[in-house]
Structure formats: structure tokens, C-alpha cells
Amino acid sequence: MELFPLLVTILVIAVIIGYADSFVHPLIKFLPWDLPIIGGLTFTGVGLIVLALLFYLTGLAVSSRIGRGSFRFAGKVMNRTPVVGAIYGLTQTVATVMSSQYRFSRVVFIEWPRDGMIALGFVTGRAVSTTGESVVIVYVPTVPNPTSGNMAIVVEDDVFETDMTVEEAMKMVFSGGIVIPESLAFARLPREKGPTSLWDASKPRIS
């Protein structure tokens, strides 16, 4: 089993290199320059190098003011294009979620969807209710697709704090619970009564 991740990684890299080469090799053959160096650019892996260079140049273009405006315009056009818009919109949503996961303030557990059941969630904000209670906005992701989920507004005293990091929680969500931290501790920490444990609460951490 220890070799399985290595073999899968090698297979995926080989497939990516093969697809990249199959795209770039025909383009190189049609180059108008009759130079020996051009003919030598059909080695295995050149496609990956060319794509990496294109991504780098694209990044430089996007970093400029004109480039950002152009890409925003292109994104609007793609969003309004039938079929393409659906694919582009989904990809954009996934990218947004993946890039924003590190902005979650902390990982918590809440009783969801009913009392007696515990669900993992990410705190996205805090507020004060009209009664003066401190509440937190918790995003409860759907397993194994975190781009969809539910939002819950929970009184902060009813939240179970955990020592799990955002990265560990994301791995748990994507794997459907197969990949979990070596130790998992969470506890409800009311301000006045002290910790009330549902699991190992020996080292609860509040961030």
C-alpha cells in the first residue's frame, strides 16, 4: 500500500507529459524556421516545459493592469457562452473555494443537522445578535465536494472548538473521512462553565 501513492503520482505525471507532448510536438513541426535546434525540440517532456513557460508568461500578463482588465473581460464572455459558461463557472467556483480555504479563521464542530450529530465546519465570520450574544457564521461543507454546503449561524458558546488545522480538515472533507488526523480533540468551551467534552478535550485549542 505504501507504493500505491508513488505509483499513482508517477502515472499521473506520465499522462500529463504525454498529453502536453501530443499538443506541442505537432506545433513544433510546423514552425517556419529551418534550424537544427528546432528539430531537436521534439524530445519527451518538451510539452510540459512549453506549458510551464506559457503559464509563467500568462502570470506576468495578468499582473499588469491591462492584463487584469483583459482577463476579466474574457471571463465575462466565457460566463455568458452556452455550455462553456457552465464549465468555466464551476471551475471558477472550485478555484475560489480552494484559494479561500486559508482565510477561514478556524475549524469547529457544531451540532448539525440535529442535536446529537456533530458536523465539521469552518468559521467565516463573527457577529453580535440583537440580544447581545456573540455568534459565529459557520460554513458546513458537503463531502466530498466542499464547493457546496450549508451556512449556519451558531451562538459561540454552542460551538465545539478543535485542535484541527484548516489543511487537515480539508483533507478530511475531500477524502470523505478516510484521511483523518492522528489525534482528534474537540470540546465545547462555555465562558462560565468550563469545557464540556464530547471527545478527547485534554488539549483544546482556540484560535
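Above: the structure in question.
The model shown is predicted, which means the values in this text are computed figures rather than measured ones.

**Student:** Any chance you could explain the overall build of the protein here in plain terms?
**Tutor:** Per the secondary structure count, the protein includes six helices and seven strands. Listed N to C, the secondary structure of the protein is α-α-α-α-α-β-β-β-β-β-α-β-β in terms of helices and strands. Summed over all atoms, the accessible surface of the protein reaches about 14,400 Å², with 66% contributed by carbon and sulfur.

**Student:** Is there a simple way to explain unusual backbone geometry in this structure?
**Tutor:** Residues apart from glycine generally show negative phi values, whereas peptide bonds are mostly found in trans. Residue Pro 113 is reached from Trp 112 by a cis peptide bond, and omega for that bond is 0 degrees. Along the chain, the position of Pro 113 falls in the loop between strand E1 (106-111) and strand E2 (118-128). For the bond from Val 143 to Pro 144, the omega torsion is 0 degrees, close enough to zero to count as cis. Relative to the elements of secondary structure, Pro 144 occurs in the loop between strand E3 (134-141) and strand E4 (149-155).

**Student:** Explain the nonpolar core here, please?
**Tutor:** As a rule of thumb, soluble globular proteins bury nonpolar side chains together. Within the largest apolar cluster, 15 residues are counted, with the highest numbers of intra-cluster contacts made by Val 107, Phe 109, Leu 120, Phe 122, Met 164 and Ala 169. Of all the secondary-structure elements, those providing two or more residues to this core are E1, E2 and helix H6 (166-174). Per element, the largest residue contribution to this core is five residues, and it comes from H6. By size, the runner-up hydrophobic cluster in this structure holds 10 residues, among which are Val 108, Ile 110, Val 136 and Val 159.

**Student:** Sorry if this is basic, but what is going on with the environment of Gly 67 here?
**Tutor:** Relative to the elements of secondary structure, Gly 67 occurs in helix H4 (residues 65-79). When its relative accessible area of 9% is taken as the criterion, Gly 67 is described as buried. If sequence neighbours within four positions are ignored, Gly 67 has contacts with Ala 61 and Val 62.

**Student:** Mind showing me how you'd approach the side chain of Ser 175 here?
**Tutor:** As for its placement among the helices and strands, Ser 175 is situated in the loop between H6 and strand E6 (186-188). Relative accessible area serves as the criterion here: at 19%, Ser 175 is assigned to the buried category. Among the polar contacts made by the side chain of Ser 175, one reaches the main-chain amide nitrogen of Val 179 at a distance of 2.8 Å.

**Student:** What should I look at first to understand a nonpolar patch on the surface in this one?
**Tutor:** On the surface, Phe 4, Val 8, Val 12, Ile 16 and Leu 48 cluster together into a nonpolar patch covering about 420 Å² of accessible area. When residues in the nonpolar patch are grouped by element, the largest group, four residues, is from helix H1 (residues 3-29).

**Student:** Can you help me understand the pairing of E2 in this one?
**Tutor:** Along any regular strand, the residues point their side chains to alternate faces of the sheet. Across six bridges, the pairing between E1 and E2 is antiparallel. Residue Ile 110 lies in a different strand from E2, and its bridge partner there is Ala 119. If you look at the hairpin formed by E2 and E3, you'll find five residues sitting between the two strands, and Gly 132 has a positive phi there, around 90 degrees.

**Student:** Before we go on, may I ask you to explain a positive patch on the surface in this structure?
**Tutor:** On the surface, Arg 65, Arg 68, Arg 72, Lys 76 and Arg 80 cluster together into a patch of positive charge. Along the polypeptide, Arg 68 turns up in helix H4.

**Student:** When you look at the pattern of salt bridges in this model, what are you seeing that I'm missing?
**Tutor:** It is possible for side chains bearing opposite charge to pair when their charged atoms get close. Throughout the structure, instances matching the rule amount to three salt bridges. For Glu 161, the salt bridge is made with Arg 106, and the minimal N-O distance between the two is 3.1 Å. Of this pair, Glu 161 sits in strand E5 (residues 160-162) while Arg 106 sits in strand E1; the two residues are 55 residues apart in sequence, bridging distant segments of the chain. Judged on exposure class, the residue Glu 161 and its partner Arg 106 are both buried. One salt bridge connects Glu 156 with Arg 126, and the closest N-O pair in it is separated by 2.7 Å. Pair noted here: Glu 156 is in the loop between E4 and E5 and Arg 126 is in strand E2, with a separation of 30 residues, a long-range link. Relative accessible area serves as the criterion here: at 13%, Glu 156 is assigned to the buried category. By relative accessible area, which is 55% here, Arg 126 ends up exposed.

Cut-offs used in this document
Residues numbered from 1 in each chain as written. Predicted model: local features only at pLDDT ≥ 70, side-chain atom pairs only at ≥ 80, totals over all residues. Heavy atoms only, no water. Helix = DSSP H or I, 4+ residues; strand = E, 2+ residues; numbered from the N terminus. Areas by Shrake-Rupley, 256 points an atom, 1.4 Å probe, with all protein chains shown as cover. Core = buried A, V, L, I, M, F, W, Y, C linked by side-chain atoms within 4.5 Å. Buried < 20%, exposed > 50% of the residue type's maximum accessible area, 1.4 Å probe, protein only. Contact = heavy atoms within 4.5 Å. Polar contact = N/O pair within 3.5 Å; in protein donor to acceptor, adjacent residues only side chain to side chain. Patch = residues over 30% accessible without salt bridge, like charges linked within 9 Å, V, L, I, M, F, W, Y side chains within 5 Å. Salt bridge = Lys/Arg side-chain N within 4 Å of Asp/Glu carboxyl O. Pairing = 2+ DSSP bridges. Lys, Arg positive; Asp, Glu negative; His and termini not counted. Charge placed at Lys NZ, Arg CZ, Asp CG, Glu CD.

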